[in-house]
Amino acid sequence: MKDSGKARRNFDVAIVGAGFSGLYLIYRLRRLGFTVRAFETASDIGGTWYWNRYPGARCDVESMQYSYSFDEDLQQEWNWSERFATQPEILSYAQHVAQRFDLKRDVELDTTIESAVYDEAAPSWTLTTDKGEAVSARFCVMATGCLSAARDPEIKGAETFGGEVYRTGNWPHRPVDLAGKRVGVIGTGSSAIQAIPEIAKTAGHLLVFQRTPNFSVPAKNAALSPDYVASWKDDYPALRKRAREETRSGTIYEFATKSAHAATEEEREAEYQRRWDKGGANFMHAYNDLVVDEAANRTAAEFVHRKIREIVKDARTADLLSPKDYPIFTKRICVDTDYYATFNRPNVTLVDIRTDPIDAITPGGIRTAGGHYDLDVLIYATGFDAMTGALNRIDIRGRGGRDLRSKWAHGPRAYLGLMSAGFPNLFMVTGPGSPSVLSNVITSIEQHVEFITDCIAHMREQARAEIEPDAAAEDAWVAHVGEVAAGTLLTKAASWYMGANIPGKPRVFMPYVGGVDRYRRTCNEIVAKGYEGFVFA
Ligand code: FAD
Ligand code: N01
């Protein structure tokens, strides 16, 4: 451990991360009278919306819903300009919240937490920063994000590339000029699907290196009308309550109550078309069995295949862009603006690296089995070590010096996705086993933060020093998360939900498919029963 010689500091609660989770934690804990300090790698707050500033980056949950609900004045005073907010607008919203509640004074920026070690005698956590400073706190909350550990793929020769290199998950803060350049994008996930149409507008030539095609639906983004904004603001408390308590996704969509099999082919076509025209992820709620019944699912997948064939003029490119080896909605649905149509541009080429794999990155571009592609710019849109990546990058040691990485070597284990047995007083926001990435994440963040901060306040009232999950309760929750996922089609895709995008990562379905409504009820019942499944000391 490096030693800065600075006096060791002590807080009631240490928070790692200053995205939407970390900011709300500071707000709640401070109001409850706790001393708190958040540590953030980035040079400013905002998390996801600080790092992912690639061209075209925006939200795919409608802006009237992708925002905090905890303060009525806040949600009334903030004005979103578009149906799906852009990254700069979401970042300025985060800045507005931080300023309004004076949150930044408790955030230490440009500071990465490298380790967190539990001292059973104290009891407290000692966090060590990359500057060699040690900070101690009775409680530690990991607000490190589910999609914050961006990754480069391991491709031979990557370090030899002589041109410019960018990553969607860590895009530069200065303007990037791609005008007239030969640009290569590796990856065709949500980030690439948003970025590609924008990059194509300026690049001299854009080569898209695709291994697995993704299903995408049009955003049909537009400026928000005053009437639509008023329809939300006039009824915000009730609508937020509905999203929280009556939806699986924490977002209000048009939820169907009937099976795809209950409709005729013509009715299905009309319904899919209506939702396609309206835009957004609402498409996936056309029938109530699309993620549980393969035949029902195929009707939606085939509709999107037909759309791709209609939009993309070159039949071979259309075929390559059509996912065929996993059901639709089993990877996160992408929401785009002109993605498929972009492949009609003369300056855009799709390279199928499934049949013509990348052999190496060279000083001048990418060499595949079939040839060499000359590039001035290489962009990695290759995703994240999701859900566990940011936690595993920290050396976390709990009771008896046991480390979390070893405990999770065969897959993450956490009770409610909030705490892991053997790691007392260490909480996680949107941890594995919580609905997190399957929901409007801000809805989930608010629920977790309220649970965690209420629990810490409860411990103060009850003069309790320690909390951790009972191992049997944790085992039962992990089994439940697996069972619910197995009852859907979601385990049928090699997705990042399953850890399948990271070589060597255990194939375990990580988020909780049961829904935010059911999850919230479960958490409330657990609290009502005196924090059932948790052990206090
Ligand atoms: P983050 O925003 O990821 O913040 C975590 C912070 O922790 C980061 O700033 C990171 O630097 C910091 N950190 C991590 N480890 C350490 C460490 N060891 N030391 C110090 N700091 C550390 N969700 C939706 O619901 N709807 C959407 O439309 C949507 N769009 C998205 C688009 C993109 C491009 C991405 C990547 C994610 C999207 N998400 C979306 C998910 C998004 O991550 C969440 O909505 C939300 O912003 C997460 O907030 P957070 O504070 O929990 O985590
Ligand atoms: O990452 P991804 P992302 N060689 O993992 C490819 C949220 N998000 O950043 O599928 C070649 O989805 C990989 O190919 P394959 C959202 O939750 C939301 O795009 O592994 N290719 C894939 O095509 C989303 O799901 C929005 O075969 C390689 C791509 O890289 C999540 O973040 C916007 C490779 C990675 O796709 C992650 O999205 C953006 C290799 N070695 C993000 N390794 C919204 O719209 C990886 N790939 C709200």
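Residues numbered from 1 in each chain as written. Chains lettered and ligands numbered in written order. Predicted model: local features only at pLDDT ≥ 70, side-chain atom pairs only at ≥ 80, totals over all residues. Heavy atoms only, no water.

## Quick word on helix α6 (residues 226-233)
What counts, and what does not: Exposure categories follow from relative accessible area, calculated using a 1.4 Å probe and restricted to protein chains: below 20% of the type maximum is buried, above 50% is exposed, and the middle band is partly exposed. Runs of H or I in DSSP of at least four residues are treated as helices and runs of E of at least two as strands, each being numbered from the N terminus. The directions from the helix axis to the C-beta atoms are what the arc is built from. Any pair of residues with heavy atoms lying within 4.5 Å of one another is described as a contacting pair.
Turning to α6, its buried residues are V229, W232 and K233. Burial along α6 is one-sided: seen end-on, the buried residues are contained in an arc of 95 degrees. Elements that come into contact with the buried residues of α6 comprise α3 (72-77) and α7 (236-246).

## A few points about the packing of aromatic side chains
To keep things clear, this is the line we draw: Stacked, tilted and edge-to-face are the three classes assigned to paired rings of Phe, Tyr and Trp, where Trp is represented by its six-membered ring and a pair needs centres within 6.5 Å; plane angles under 30 degrees give stacked, over 60 edge-to-face, the rest tilted.
The tally for this structure, following the rule as stated, stands at 42 aromatic pairs. Between Y24 and Y68, the ring centres sit 5.8 Å apart and the planes meet at 45 degrees, which makes this aromatic pair tilted. Of this pair, Y24 sits in helix α1 (residues 20-31) while Y68 sits in the loop between α2 (48-51) and α3, and the two are 44 residues apart along the sequence. Here Y68 falls in the buried class, since its relative accessible area comes to 1%. On the numbers, 6.1 Å between centres and 50 degrees between planes, the contact of Y512 with Y519 is tilted. Each member of the pair, Y512 together with Y519, is buried.

## Structural notes on the state of the cysteines
Using the following cut-off: Cysteine sulfur atoms that pair up within 2.5 Å are treated as a disulfide.
With the rule as written, the count across this model stands at 0 disulfides. A disulfide-free cysteine, C59 has its sulfur positioned 14 Å from the sulfur of C334, the nearest such atom.

## Thoughts on the confidence of the model for the protein chain
Worth spelling out the cut-off: Confidence of the predictor at the level of single residues is captured by pLDDT, which takes values from 0 to 100.
Of the residues in the protein chain, 99% reach a pLDDT of 70 or more, and the chain-wide mean stands at 97. Predicted confidence for residues 1-5 stays below pLDDT 50, and this span has 8 contacts to residues more than four positions away or in other chains. If you check the scores for this complex, the pTM reads 0.97 and the ipTM reads 0.99.

## Considerations on the environment of T129
Relative to the helices and strands, T129 is located in strand β5 (residues 124-129). For T129, a relative accessible area of 1% puts it in the buried group. A C-alpha to C-alpha distance of 9.7 Å links T129 and T41, two positions 88 residues apart in sequence.

## What to know about the pairing of strand β1 (residues 9-16)
Rules: Pairing between two strands requires that DSSP report at least two bridges joining them. Clockwise travel from the first strand over the helix to the second, with the strands pointing away from the viewer, marks a crossover as right-handed.
Here 7 bridges tie β1 to strand β6 (residues 134-142), and the two strands are oriented parallel to one another. What sits directly across from N10, in β6, is S136. Of the pairings in the sheet, the one linking β1 to strand β2 (residues 36-39) comprises 4 bridges and is parallel in character. Paired with I15 across the two strands is A38, which belongs to β2. The parallel pair β1 and β2 is bridged by α1, and the resulting crossover is right-handed.

## Regarding the site of ligand 1
Definition in use: To be near a molecule or strand, a residue needs just one of its heavy atoms within 4 Å of it. As used in this structure description, the phrase polar contact means that two N or O atoms lie within 3.5 Å; if the pair is within protein, one of them must be able to donate a hydrogen and the other to accept it, and residues adjacent in sequence are counted only when both atoms belong to side chains. Accessible surface area values rest on a Shrake-Rupley calculation with a 1.4 Å probe, where residue burial reflects the displayed protein chains alone. In this classification, the charged set is Asp, Glu, Lys and Arg, the nonpolar set is Ala, Val, Leu, Ile, Met, Phe, Trp, Tyr, Cys and Pro, and all remaining amino acids, among them Gly, are polar.
In the region of ligand 1, 33 residues are neighbours, and S21, E40, T48, Y66 and V441 sit closest. One of the backbone N or O atoms of F20 is found 3.0 Å from an oxygen atom in ligand 1. A distance of 2.7 Å separates an oxygen atom of ligand 1 from a polar atom in the backbone of D60. Protein chains bury 93% of the 980 Å² of accessible surface belonging to ligand 1 in isolation. Elements represented by at least two residues in the shell around ligand 1 include exactly α1, α2 and α14 (441-461). For the shell around ligand 1, the element with the most residues is α2, which contributes 3 residues. Within the shell around ligand 1, the residues separate by chemical class into 16 nonpolar, 14 polar and 3 charged.

## What about helix α9 (residues 294-311)?
Owing to its 3.6 residues per turn, the α-helix aligns residues three or four sequence positions apart on the same side. Stated formally: Here, expected helix span is obtained from the residue count minus one, scaled by 1.5 Å.
Over its 18 residues, α9 extends 26 Å from the first C-alpha to the last, a length consistent with the 26 Å expected when each residue adds 1.5 Å. Residues of α9 that are buried: A296, N297, T299, A300, A301, F303, V304, H305, K307 and I308. Contact partners of the buried residues in α9: β10 (216-218), α8 (265-278), α10 (315-321) and α11 (339-342). Measuring from the side-chain oxygen of the N-cap residue of α9 to the backbone nitrogen of A295 gives 3.0 Å; that N-cap residue is D293.

## Structural notes on the site of ligand 2
The line we're drawing: The domain limits used here are those given by an automatic or database domain assignment.
In the vicinity of ligand 2 lie 24 residues, with T188, S191, Q194, R211 and T212 positioned nearest. Contacts to ligand 2 include Q194, whose side-chain N or O atom sits 2.8 Å from an oxygen atom. In this structure, A381 approaches ligand 2 through a main-chain N or O atom, which is 3.3 Å from an oxygen atom. Protein coverage of the free-state accessible area of ligand 2, which is 910 Å², stands at 87%. Within the shell around ligand 2, the residues separate by chemical class into 9 nonpolar, 9 polar and 6 charged. Two domains each donate at least three residues to the shell around ligand 2, and these are domain 1 (9-148 + 386-484 + 515-536) and domain 2 (150-213 + 339-383).

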